[in-house]
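# Descriptive structure summary
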Amino acid sequence: MQRPLAATLLTALALTFGLAGCSGAAAPEAKGTRAPTVPSGVTATAGSATTVHVMWSAATDDRAVSGYAVYREGRKVKDLPATTLMTDVVGLTPATLHRFTVRARDAAGNVSPPSATVTATTLRAAAEDRTPPTTPAALRATPDGSRAVTLRWSAAEDDTEVTAYDVYQADTRIHTVPGTATTAHVTGLRPGTAYAFTVRARDAAENSSPDSTPADLTTAPSPGAPANTAPTRLTATAAKGEITVTWTPPDTGGPVTHHELHLNGRFATTIIWGTTPPPGRATYTFPVQDPPGTRYTVTLRAKLPDGTWGDLSAPRTVVVR
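Here's a quick rundown of the structure. (Residues numbered from 1 in each chain as written. Predicted model: local features only at pLDDT ≥ 70, side-chain atom pairs only at ≥ 80, totals over all residues. Heavy atoms only, no water.)

## Structural notes on the overall build of the chain
A count of helices and strands for the chain gives 0 helices and 22 strands. Expressed as a percentage of its 321 residues, the buried residues of the chain come to 42%. Taking contacts inside the chain between residues at least 6 apart in sequence as the whole, the part at least 24 apart equals 66%. For the chain, the exposed surface amounts to about 16,600 Å²; the carbon and sulfur share of it is 53%. (Helix = DSSP H or I, 4+ residues; strand = E, 2+ residues; numbered from the N terminus. Buried < 20%, exposed > 50% of the residue type's maximum accessible area, 1.4 Å probe, protein only. Contact = heavy atoms within 4.5 Å. Areas by Shrake-Rupley, 256 points an atom, 1.4 Å probe, with all protein chains shown as cover.)

Structure, rendered in structure tokens:
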């Protein structure tokens, strides 16, 4: 198979990412007087003898919601940014009923009334358990409009009990359902975007199964928007000291000679074919110097005939060997 002739690899793929700060004072904003709406759809699910997973739907505000506070038995236990709609409350007493509410706040300090109270009973403390559940099987994704998806899978097994299933997107947990469920409804997606979802089973001792096989989904585009141009059927495999990615370039009406490789959401390299690229599947291998166990989320996008970059592929997670 023909391989790319050149690739500009940034930072030698060590990928030690830093955060750039900005200085300078912002102009003061007019203070709002209206409190955010009450967070809705609050749920609480016991994940172990000492943890409960709390989730909710976003509140709204006449300006913007700036964060959320989670309360247990009326006492605040978590402060979270506006982008976070779930959290694990830890350090709880086993086999005990706990009550939770959520309140939204805005930048002016206005706080919503508390949400409806939800309850969860932590599991009984069990003998030491180091055996994870089996991997959930047959994961499939069914679109629900352009901003939501329903996931279904076959139940995992455990030597004691599966207590929860965690849904991941791009190696980030985005949803949790009880261990008795084999479906999840995920909202807040973007139209015309490629996603890959995986599911892990968890037991009362917080042992998690390996990831399920990914389920890919490209949401419907907004009316009048162009079709998605992401590479498809992406795979990523690790060998000692290297990672190999294989994919199908998008149909752009002509040869795709350039692809961008992104790792953990950041640009890593441009893959360039100096001649006509190979037909069908494309393959690229690059070196890594990270210690075994390092996890990368890999995505690709193609350079389109008009010179712009297309949509990002559904992500794949790979673990360095």
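## So, the side chain of Asp 61
Relative to the assigned elements, Asp 61 resides in the loop between β3 (52–57) and β4 (65–72). An unpaired buried charge is present at Asp 61: no salt bridge exists, and Arg 63, the closest side chain of opposite charge, is 6.4 Å distant. One polar contact links the side chain of Asp 61 to the main-chain amide nitrogen of Arg 63, over a distance of 3.0 Å. There is a polar contact of 3.2 Å between the side chain of Asp 61 and the backbone nitrogen of Ala 64. (Lys, Arg positive; Asp, Glu negative; His and termini not counted. Salt bridge = Lys/Arg side-chain N within 4 Å of Asp/Glu carboxyl O. Polar contact = N/O pair within 3.5 Å; in protein donor to acceptor, adjacent residues only side chain to side chain.)

## What to know about the nonpolar core
Core analysis: the biggest nonpolar cluster contains 20 residues, and Ile 243, Val 245, Trp 247, Leu 261, Phe 286 and Val 298 have the highest contact counts within it. Residue assignment for this core shows that the elements contributing at least two residues are β16 (232–239), β17 (242–248), β18 (258–263), β19 (266–272), β20 (282–287) and β21 (295–302). In contact with Leu 261, other than residues within four places in its own chain, are Arg 266, Phe 267, Ala 268, Thr 269, Ile 271, Tyr 284, Phe 286, Val 298, Thr 299 and Leu 300. (Core = buried A, V, L, I, M, F, W, Y, C linked by side-chain atoms within 4.5 Å.)

## As for the packing of aromatic side chains
Overall, the coordinates contain 5 aromatic pairs when judged by the stated rule. Over the ring of Tyr 168 we find Arg 200, and its NZ or CZ is 3.8 Å from the ring centre. (Phe/Tyr/Trp six-rings, centres within 6.5 Å; stacked < 30°, edge-to-face > 60°. Lys NZ or Arg CZ within 6 Å of the ring centre and 35° of its normal.)

## Examining unusual backbone geometry
Not every positive phi belongs to a glycine, and Ala 170 is a case in point at roughly 55°. For Ala 170, the position within the fold is in the loop between β11 (162–169) and β12 (172–178). Using a relative accessible area of 27% as the deciding quantity, one classes Ala 170 as partly exposed.

## Points about the pattern of salt bridges
A pair can form between side chains of opposite charge whenever their charged atoms are brought close. Enumeration over the complete set of coordinates arrives at 12 salt bridges. Residue Asp 166 is joined to Arg 173 by a salt bridge in which the shortest nitrogen-to-oxygen separation is 3.4 Å. Assigned by exposure class, Asp 166 and Arg 173 land together as buried. Linking Arg 301 and Glu 260 is a salt bridge whose minimum nitrogen-to-oxygen distance equals 2.8 Å.

## Digging into the layout of surface pockets
Empty space within the largest pocket amounts to approximately 1,100 Å³. If you list the elements that add at least two residues to the lining of the largest pocket, you get β2 (40–46), β3, β12, β13 (183–186), β14 (194–203) and β21. No other element matches β12, which puts 4 residues into the lining of the largest pocket. Partitioned by chemical class, the residues of the lining of the largest pocket number 14 nonpolar, 20 polar and 3 charged. Computed from the structure, the second largest pocket encloses a volume of approximately 200 Å³. (1 Å grid on protein atoms, 1.4 Å probe; cavity = no way out; pocket = protein on both sides within 12 Å on 5 of 7 lines; lining within 4 Å. Points joined across faces, edges and corners; volume = space filled by probe spheres on them. Nonpolar A, V, L, I, M, F, W, Y, C, P; charged D, E, K, R; others polar.)

## Considering the environment of Arg 124
In this structure, Arg 124 sits in the loop between β8 (118–121) and β9 (137–143). For the pair formed by Arg 124 and Ala 204, sequence separation is 80 residues and the distance between their alpha carbons is 8.4 Å. Excluding residues within four positions of it along the chain, Arg 124 makes contact with Ala 49 and Ala 95.

## Overview of the sheet that holds strand β7 (residues 97–106)
Read across the open sheet, the 4 strands follow the order β5-β4-β7-β8; overall the sheet is antiparallel. Edge positions in the open sheet fall to β5 (75–81) and β8, since each of these has one partner strand only. On average, each strand axis in the sheet is tilted by 30° relative to the strand beside it, whichever way the strands run. Of the pairings in the sheet, the one linking β4 to β5 comprises 6 bridges and is antiparallel in character. Each residue of the ladder has a partner; that of Val 70, found in β5, is Lys 78. (Pairing = 2+ DSSP bridges. Axes fitted to C-alpha atoms, helices over the stretch in contact; angles between N-to-C directions.)

## Things to note about the side chain of Ser 313
Inspection of the secondary structure assignment puts Ser 313 in the loop between β21 and β22 (316–319). Looking at Ser 313, the relative accessible area reads 3%, which means it is buried. Look past the residues within four positions of Ser 313 in its chain and what remains in contact with it is Ala 194, Ala 230, Pro 231, Leu 234, Thr 299 and Leu 300.

## A word on the sheet that holds strand β10 (residues 149–154)
Sheet strands pair via backbone hydrogen bonds, and the direction of the pair is either parallel or antiparallel. Here we have 3 strands laid out as an open sheet, ordered β9-β10-β13, and antiparallel in their pairing. Looking at strand neighbours, the two that pair on one side only are β9 and β13, the edges of this open sheet. Across this sheet, the average inter-strand angle for adjacent strands is 15°, counted without regard to direction. As paired strands, β10 and β13 are joined by 4 bridges and run antiparallel to one another.

## Focus: the environment of Glu 73
Following the sequence through the fold, Glu 73 ends up in the loop between β4 and β5. Classification of Glu 73 by relative accessible area gives partly exposed; the value is 39%. Counting along the chain gives 25 residues from Glu 73 to His 98, while the straight-line C-alpha distance between them is 6.9 Å. The contact partners of Glu 73, leaving out residues within four places of it in the chain, are Leu 97, His 98 and Arg 99.

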